[in-house]
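Descriptive structure summary
So the chains spell out like this:
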Amino acid sequence: MNDPELEAELADHSHDHSHRDISGGWLRAATFGAMDGLVTTIALIAGVGGGGAGRDVIVLSGLAGVVAGAFSMALGEFASVGTQNDALDAEAAVERRELAQHPRAEQHELAARFREMGLSEQTADAVSREVHRDPELALRMHISQELGVSLDDKPSPWVAAVSSFAAFAVGGLIPLITFLLGYGSLALGLAVGGVGLLVAGALTSRFTSRSWWSAALRQLAFGAIAAGATYLVGMLIGVSAA
């Protein structure tokens, strides 16, 4: 290659054109885990505190909620991702069988999809023929075009489970920090939880196109709605119980 301008552009492209790893299953699980941990614990202590419970009951309820929620999140993520992968494997088996029984029809179908993408008929036919010379490549291309997923990027159920467990536990402990340090103020605990929501929301903006302040305020609003609802329930039950 003797094109200095192209070489410079390729070097600049390789430096700037990079993507975050969002295919491993950990990002979604960790994000939902942390958010759920924060919102669930904030709502839980708001409800218990609103009912008139003291510091010891709030700590016990909060820690029990963190443990239960972390296991629930982890098991749910493991089952969800595992089921998703099993479904993808089942569809791959169906597609593999179709490629073996109807190779020409499948090749024609792939060429038609290439034409829908904007390729000329000649190019689409040529690419489809080239792809179908390799059965495994043909399988992956059909799965990608027909299902919009990749056989090579299946998320790990274990990664999703561990990520959600750890993230939920960390997020869930934040609103309990002041109570664990010996303070009994419900307002202080909720304020710390609110700060955690703002920080968690702002961090998620790094993986999206949303501004950090918008993501932070959105998450704070979600937590406030949940806390307000459970606080009201706690007050009603606490008053009636009294």
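Residues numbered from 1 in each chain as written. Predicted model: local features only at pLDDT ≥ 70, side-chain atom pairs only at ≥ 80, totals over all residues. Heavy atoms only, no water.

The full count for this structure, using the stated rule, is two aromatic pairs. On the numbers, 5.1 Å between centres and 75° between planes, the contact of F71 with F165 is edge-to-face. Highlighted residues: F71 in helix α3 (residues 55-101) and F165 in helix α7 (residues 157-173), separated in sequence by 94 residues. Judged by its relative accessible area of 32%, F165 falls in the partly exposed class. A centroid spacing of 4.9 Å and a plane angle of 70° characterise the contact between F78 and W158, whose relative ring orientation is edge-to-face. Here W158 lies in helix α7 and F78 lies in helix α3, a separation of 80 residues in the sequence. (Phe/Tyr/Trp six-rings, centres within 6.5 Å; stacked < 30°, edge-to-face > 60°. Helix = DSSP H or I, 4+ residues; strand = E, 2+ residues; numbered from the N terminus. Buried < 20%, exposed > 50% of the residue type's maximum accessible area, 1.4 Å probe, protein only.)

The subject of this paragraph is the packing of helix α4 (residues 103-116) against helix α5 (residues 121-131). The interhelical angle for the contact between α4 and α5, taken along N-to-C directions, is 135°, at an axis separation of 8 Å. Our classification of the angle between α4 and α5 gives oblique. In the crossing of α4 with α5, the sense of the turn from one axis to the other is right-handed. Facing α4, whose interface residues are Q107, L110, A111, F114 and R115, α5 presents E121, A124, D125, V127, S128, R129 and V131. (Axes fitted to C-alpha atoms, helices over the stretch in contact; angles between N-to-C directions. Parallel < 35°, antiparallel > 145°, perpendicular 65-115°, else oblique. Left-handed = near helix turned anticlockwise from the far one by under 90°. Contact = heavy atoms within 4.5 Å.)

Another aspect to go through is helix α9 (residues 186-204). Because each turn of an α-helix spans 3.6 residues, side chains separated by three or four positions end up pointing in the same direction. Compared with an ideal rise of 1.5 Å per residue, which puts 19 residues at 27 Å, α9 spans 27 Å between its outermost C-alpha atoms and is within 8% of the ideal. Capping the start of α9 is the job of one residue whose side-chain oxygen sits 3.2 Å from the backbone nitrogen of L188: S185. (Expected span 1.5 Å × (residues − 1). Polar contact = N/O pair within 3.5 Å; in protein donor to acceptor, adjacent residues only side chain to side chain.)

Along the polypeptide, H142 turns up in helix α6 (residues 135-147). Note on H142: relative accessible area 1%, which makes it buried. Setting aside residues no more than four positions away along its own chain, H142 makes contact with E95, L99, E106, L110, H132 and L147.

Glancing now at a nonpolar patch on the surface. Where nonpolar side chains cluster on the molecular surface, the patch consists of L198, W212, W213, L217 and L220 and spans about 520 Å² of accessible area. Here the nonpolar patch takes four residues from helix α10 (residues 212-241), the largest share from any one element. Looking at the secondary structure, you find L217 in helix α10. (Patch = residues over 30% accessible without salt bridge, like charges linked within 9 Å, V, L, I, M, F, W, Y side chains within 5 Å. Areas by Shrake-Rupley, 256 points an atom, 1.4 Å probe, with all protein chains shown as cover. Salt bridge = Lys/Arg side-chain N within 4 Å of Asp/Glu carboxyl O.)

What follows covers the pattern of salt bridges. Inspection of the entire model under this criterion finds seven salt bridges. Note that D56 is salt-bridged to R55, the shortest N-O span being 3.0 Å. Take D56: its relative accessible area is 57%, and that puts it in the exposed class. We classify R55 as partly exposed; its relative accessible area is 31%. Across the pair E130 and R133 runs a salt bridge whose closest N-O atoms are separated by 2.9 Å. By relative accessible area, which is 46% here, E130 ends up partly exposed. Connected via shared salt-bridge partners are R96, E136, R140 and D152.

Axis separation between helix α2 (residues 26-50) and α9 bottoms out at 10 Å; the angle between their running directions is 165°. With respect to α9, the element α2 is oriented roughly antiparallel. Remark: the crossing between α2 and α9 carries left-handed chirality. For the pair α2 and α9, contact is made by T31, M35, L38, V39, I42, I45, A46, G49 and G50 and by L186, G189, L190, G193, G194, G196, L197, A200, G201 and T204, respectively. Split by residue class, the contact of α2 with α9 holds 10 nonpolar, nine polar and no charged. (Nonpolar A, V, L, I, M, F, W, Y, C, P; charged D, E, K, R; others polar.)

Another point: the environment of V39. The residue V39 is located in helix α2 in this model. Using a relative accessible area of 18% as the deciding quantity, one classes V39 as buried. Between the alpha carbons of V39 and L197 there is a distance of 7.9 Å; along the sequence they are 158 residues apart.

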